[in-house]
Amino acid sequence: MPTFSVIIPLYNKLAYIGRSVESVLVQSFKDFELIVIDDGSTDGSSEELLDIKDERLHILRKENQGVGKARNTGMQHAEGQWIAFLDADDAWMPEHLSELRRVTEAFPSAGLISTRCVESATADLSVADKQKSVPSSIRSVDYFYEASKNIGFVNSTSTAINKDVFVKLGGFTSAVAGEDLEYWARIALHYPVAVSDRVTCFYFRSTGGVMEKLSTNRMREPKGLTRIRDLSASVAMLCDYFEKDPSLQRNPSIVAYINSRVENAVRGALYRGNPKLAKSYFQFMQKPINRKQRVYSLLLTLPCVVLQAAVMGYNWAKSLC
């Protein structure tokens, strides 16, 4: 049984999948299997891998059902005790699995572990060389508190879970976006979370990911919200758990996490010139709110027409910079 099962969901990433797979196969830690799940690609993505002769590489093909179900399929076939995730358009540095192994040794009871990512235009291995001299700082964390400050402090390229998590909690949901954040939050409700502050992953933007597609599509804005659970997949999940255990609503880290999601929704609505929707979102802030959120509360007391004019002016001025 390998120590790690590496899961790469693949959908139409022909230009990037070779780089992603190669970054796994050159890992300094060798005890792993690599499972690529071709989620109904139409661009020949998985065919790009057929010439790779490595018995650790397994390619599974299925009809297109989304990234969550693709990862779940991979986990169902995984034989390792730890399941590490990598997006098909990202890449690892050679020491990534070695660093994750150090985290598992320091915190064997953790359900969710992670290292850090660096945003980059290319997989510059000089960055990896510099990281070798950086001391490995491994610690247990309060996931909800950390994610309230930086929602992406663990992500689907830096993260691994214990196989027992999948057995006991199941896998990812079928949400169009945020299925990964929902899963990390669900795991954090049940298991300790541990991280290394060492950078071991490359995260690449402008590769046609889900969030980029959502941000460029002109989606119809709702007129308003009637439930806090409509904000995001992770908030919806937490609302379900509140009904089972109301004491969770008094957890300050969970409150801070929910407020960070509300704040993000408010900011997005204002940026898109929809102050009415921003006010609708803000009503779901939980007490206590932080200083920045108090500023938003004061800003949102302005009439919608004034707010909209202010936002339009801000966006115009920003476009000139």
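Quick notes on the rules
Numbers given for residues are sequential positions, taken from 1 along each chain in its written order. Confidence filtering applies because this is a predicted model: local features only for residues at pLDDT of at least 70, side-chain atom pairs given and counted only at 80 or more, and all residues used for totals across whole chains, interfaces and linings. With hydrogens and water excluded, all non-hydrogen atoms of the structure serve as input to the side-chain values. A helix here means a DSSP run of H or I that spans at least four residues, while a strand means a run of E at least two residues long, and both kinds are numbered starting from the N terminus. Only protein chains enter the area calculation, which uses a 1.4 Å probe; residues under 20% of their type maximum are buried, those over 50% are exposed, and those in between are partly exposed. Only heavy atoms enter the contact rule, under which two residues are in contact if any of them lie within 4.5 Å. Scored from 0 to 100, pLDDT records how confident the predictor is in each individual residue. Buried Ala, Val, Leu, Ile, Met, Phe, Trp, Tyr and Cys residues form a nonpolar core when they are joined through side-chain atoms within 4.5 Å. Here a helix's expected span is defined as the number of its residues, less one, multiplied by 1.5 Å. Polar contacts, as used here, are pairs of N or O atoms within 3.5 Å; protein pairs need one atom able to donate a hydrogen and one able to accept it. Residues neighboring in sequence count only if both atoms are side-chain atoms. Two rings belonging to Phe, Tyr or Trp (six-membered ring only in the last case) form a pair when the distance between their centres is within 6.5 Å. Interplanar angles under 30 degrees mark stacking, angles over 60 mark edge-to-face geometry, and anything in between is tilted. Any Lys NZ or Arg CZ that is within 6 Å of a ring centre and within 35 degrees of that ring's normal is treated as a charge sitting over the ring.

Counting secondary structure elements, the protein chain contains 13 helices and nine strands. For the protein chain, the proportion of its 321 residues judged to be buried stands at 49%. Sequence separation of 24 or more characterises 78% of the internal contacts of the protein chain that already satisfy a separation of 6 or more.

In this model, the protein chain carries a mean pLDDT of 88, and residues with pLDDT of at least 70 account for 86%. Overall, residues 210–219 carries pLDDT values under 50, and its contacts beyond four positions in sequence, including any with other chains, amount to 10 contacts.

Formed by 54 residues in total, the largest nonpolar core has its most connected members in Tyr143, Ile161, Tyr183, Trp184 and Val266. Looking at which element gives the most residues to this core, the answer is helix H10 (residues 252–271), with eight residues. With residues near it in sequence (within four places) discarded, Ile161 still touches Met75, Gln81, Trp82, Ile83, Phe85, Gly111, Leu112, Phe166, Tyr183, Trp184 and Ile187.

Across its 20 residues, H10 extends 28 Å between first and last C-alpha, which sits within 8% of the 28 Å expected from 1.5 Å per residue. H10 sits mainly inside the fold: 15 of its 20 residues count as buried. A side-chain oxygen of the first residue of H10 lies 2.9 Å from the backbone nitrogen of Ser253; this N-cap is Asn251.

This brings us to the environment of Thr157. On the secondary structure map, Thr157 appears in the loop between helix H5 (143–149) and strand S8 (159–162). When the C-alpha positions of Thr157 and Ser114 are compared, they lie 8.9 Å apart, and in sequence the two are 43 residues distant. Those residues within four positions of Thr157 in sequence are excluded, and the remaining contacts are Phe85, Leu86, Asp87, Asp90, Ala91, Trp92, His96, Cys117, Cys201 and Phe202.

What follows deals with the packing of aromatic side chains. What the rule picks out here adds up to 11 aromatic pairs. The interplanar angle of 50 degrees and the centroid separation of 4.3 Å between the aromatic rings of Phe172 and Tyr183 together place this pair among those described as tilted. Of the two residues, Phe172 is situated in the loop between helix H6 (163–169) and helix H7 (179–188) and Tyr183 in helix H7; the sequence distance between them amounts to 11 residues. Across this residue pair, the class does not change: Phe172 and Tyr183 are buried. Aromatic pair Tyr183 and Trp184: ring centres 6.1 Å apart, planes at 35 degrees, arrangement tilted. Each member of the pair Tyr183 and Trp184 is classed as buried. Joined through ring pairs, the aromatic side chains of Phe85, Phe172, Tyr183 and Trp184 make up one cluster. Note that Arg19 overlies the ring of Phe204, its terminal NZ or CZ placed 3.8 Å from the centroid. One residue, Lys244, lies across the ring of Tyr241, its end atom 4.6 Å from the ring centre.

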